[in-house]
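So the chains spell out like this:
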Amino acid sequence: MMAASPQMAPVSPLMAPVLSPTLRCRKRPRDKDTLFEVDEENAVQAAVDESFRSDIKLRLETSLQETLADLHNEFPETIDNQDFGRARRKSSSALSGYAQSKASPIASLRPSPTFSPKPASAASARSSSPPPLVLPASEVSGPTFDPSEFLCHDGLLDHEQLTRAIYLSQGLDFDGAQNKAQEFLHSMGLRILDLGVVNTDEHGNVLLNQCFYLSIARCYLGHTASEDVSGLALHLKRAIEANVLATRPAWAAGIDDESGTPMAFADFLPIMMHAEDANLVAELAVCILDSVAGHVEVYLGPKYADMDAATKERNLILLWYTPGHYQCIVCDDEDGSKVALTYDDFKDMLNKHGITYIETLE
């Protein structure tokens, strides 16, 4: 079978509308292995696109407003004049300093010598690529539904319950699909680690919708510095969103629906990766396994290739995405240790399993 080759994102996200992994609807050639069947994937993605767009936009705007308030407290005069340059530089520097001070030696983050991936079955061992994972169909198609029925608090949607309803409306089994996708991770010796959605700032204020930043922080620090995950996640949020506001100051008043609209927190990454100042995010390779689309979205920082091998291992970030929620991917051992791979190693693994990946380089 043909190994999946990368697809390149040719247009800068600063110059064109940015869509999240889930909200891009792609058709793959049928001679490539994928996690899910093409027709099923497209049907689910179309429903997700329709149902989640306004809710995710509200979450992004709320997070930017939180960061704007923090920046205004520290730089009131410059922020009042829509000048985010100083705030962007200081938050980027603070992020790099915090990460450097909390990072453990890379050798201590690797799995223990006793850990090894789960052995493949005899059938799969005879094949260079495993068969595609197919979404199991339910016996009957579900009813149509109104997304407003799934509001949980503050006018936001309960993403898990809404996603279940979307699958059911397409005649698909959400739990069965997720179990099969997680079995795929398990076969590679990996598993999902959920960091939740709540963080707290230095003043005791509770921040919601923080799963993206918490998951990146845990992936970067590994299991030996779990007490520092909250702090690094807070620095990531401020630095990334300060860069977003510096690049798109109009978003301080609300995200424009017409141009460059982000549809997931991951869509903020390219803005900071390609900022004019050196920063930690520009040195990362963030790979997001989309559990609905069945492909991997790669955000590759321009400085990642310049790192030595050990730093490339540390800076590989593996995330699992279901609509509206990010989780960390770790080794399937007791500690949930960091995946000891460089991006090239991980890419080889994807090619071996025939999984499509899309690299965003600009």
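Residues numbered from 1 in each chain as written. Predicted model: local features only at pLDDT ≥ 70, side-chain atom pairs only at ≥ 80, totals over all residues. Heavy atoms only, no water.

**Section: the packing of helix 3 (residues 85-102) against helix 9 (residues 229-247)**
At step 1: Closest axis-to-axis distance for the helix 3/helix 9 pair is 8 Å, and the angle between their directions is 155 degrees. When the axes of helix 3 and helix 9 are compared, the pair comes out roughly antiparallel. Of the two possible hands of crossing, helix 3 and helix 9 adopt the one that is left-handed. Mapping the contact onto sequence places Ala87, Arg88, Ser91, Ser92, Ala94, Leu95, Tyr98 and Ala99 in helix 3 and Gly231, Leu232, His235, Leu236, Arg238, Ala239, Ala242, Asn243 and Ala246 in helix 9.
At step 2: Residues that form the contact of helix 3 with helix 9 fall into these classes: ten nonpolar, five polar and two charged. (Axes fitted to C-alpha atoms, helices over the stretch in contact; angles between N-to-C directions. Helix = DSSP H or I, 4+ residues; strand = E, 2+ residues; numbered from the N terminus. Parallel < 35°, antiparallel > 145°, perpendicular 65-115°, else oblique. Left-handed = near helix turned anticlockwise from the far one by under 90°. Contact = heavy atoms within 4.5 Å. Nonpolar A, V, L, I, M, F, W, Y, C, P; charged D, E, K, R; others polar.)

**With respect to the confidence of the model for the protein**
At step 1: With 64% of its residues at a pLDDT of at least 70, the protein reaches an overall mean of 75.
At step 2: In this model residues 1-33 is a low-confidence stretch, pLDDT under 50, and it forms 94 contacts with partners more than four residues away in sequence or in other chains.
At step 3: Overall, residues 119-153 carries pLDDT values under 50, and its contacts beyond four positions in sequence, including any with other chains, amount to 66 contacts. (pLDDT = per-residue confidence, 0-100.)

**Some remarks on helix 9**
At step 1: In this model helix 9 runs 27 Å from its N-terminal to its C-terminal C-alpha over 19 residues, within 8% of the 27 Å that 1.5 Å per residue would give.
At step 2: When you tally the buried positions in helix 9, you get 15 out of 19 residues, the bulk of the element. (Expected span 1.5 Å × (residues − 1). Buried < 20%, exposed > 50% of the residue type's maximum accessible area, 1.4 Å probe, protein only.)

**A few points about unusual backbone geometry**
At step 1: Despite not being glycine, asparagine 209 shows a phi value in the positive range, around 60 degrees.
At step 2: Examined against the element boundaries, asparagine 209 turns out to sit in the loop between strand 6 (206-207) and helix 8 (211-221).
At step 3: Residue classification places asparagine 209 among the buried residues on the basis of a relative accessible area of 14%.

**Quick word on the pattern of salt bridges**
Two side chains bearing opposite charge may form a pair once their charged atoms approach each other closely.
At step 1: Under the counting rule described, the total for this entry stands at eleven salt bridges.
At step 2: One salt bridge connects arginine 191 with aspartate 332, and the closest N-O pair in it is separated by 3.6 Å. With a gap of 141 residues between them, arginine 191 in strand 4 (residues 190-193) and aspartate 332 in the loop between strand 10 (325-331) and helix 12 (343-352) connect regions that are remote in the sequence.
At step 3: The exposure class of arginine 191 is partly exposed, given its relative accessible area of 24%.
At step 4: For aspartate 332, a relative accessible area of 17% translates into the label buried.
At step 5: Across the pair aspartate 344 and lysine 347 runs a salt bridge, and its minimum N-O distance is 3.8 Å. Residue aspartate 344 and its partner lysine 347 are both found in helix 12; the two are separated by three residues, about one turn of the helix.
At step 6: On the accessibility criterion, aspartate 344 (44% relative accessible area) is partly exposed.
At step 7: What emerges from the salt-bridge pattern is a single network uniting Glu66, Lys237 and Glu241. (Salt bridge = Lys/Arg side-chain N within 4 Å of Asp/Glu carboxyl O.)

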